[in-house]
Amino acid sequence: MVYTSIGFFFLNSDFVSEDDERICNTAFECFINVLNLGLRNGGGIADAINYQYYEEGKLAIFLLRLLFDLSFFILMIILLLNLIFGMIID
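Residues numbered from 1 in each chain as written. Predicted model: local features only at pLDDT ≥ 70, side-chain atom pairs only at ≥ 80, totals over all residues. Heavy atoms only, no water.

## A look at helix α2 (residues 27-40)
Inference 1: Taking 1.5 Å of rise per residue, the 14 residues of α2 would be expected to cover 20 Å, and the 20 Å separating its terminal C-alpha atoms lies within 8% of that figure.
Inference 2: Residues of α2 that are buried: Cys30, Asn33, Val34, Leu37 and Gly38. Each buried residue of α2 lies within a common arc of 110° when the element is viewed along its axis, so the set occupies one face. Pointing more than 90 degrees away from the buried face of α2 are the exposed residues Phe28 and Arg40.
Inference 3: The secondary structure elements touched by the buried residues of α2 are α1 (2-9) and α3 (59-89). (Helix = DSSP H or I, 4+ residues; strand = E, 2+ residues; numbered from the N terminus. Expected span 1.5 Å × (residues − 1). Buried < 20%, exposed > 50% of the residue type's maximum accessible area, 1.4 Å probe, protein only. Arc of directions from axis to C-beta. Contact = heavy atoms within 4.5 Å.)

So, in structure tokens, the structure goes:
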């Protein structure tokens, strides 16, 4: 829910499909798309939304997006999925 809220309220312009259609029109759509796209892609949600490149004078935006993408990858992909897979194997 945290990543959905951040994505819906702050990164809504980055949540677009390949044909430039918004995929986060409502909070529920954003939640479903974050789950669907974020967990199925190997690199987390960063593989599914627009890339954030470093631009001169926009360091804060770049660092916040880097923190968002890396924290999703580490918390959801590495820790949560490994915890689930570990319980299934044991």
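## Quick look at α3
Inference 1: Helix length check: α3 (31 residues) gives 43 Å between terminal C-alpha atoms against 45 Å at 1.5 Å per residue, within 8%.
Inference 2: Along α3, the positions that sit buried rather than exposed are Arg65, Phe68, Asp69, Phe72 and Ile77.
Inference 3: Buried residues along α3 sit against α1 and α2.

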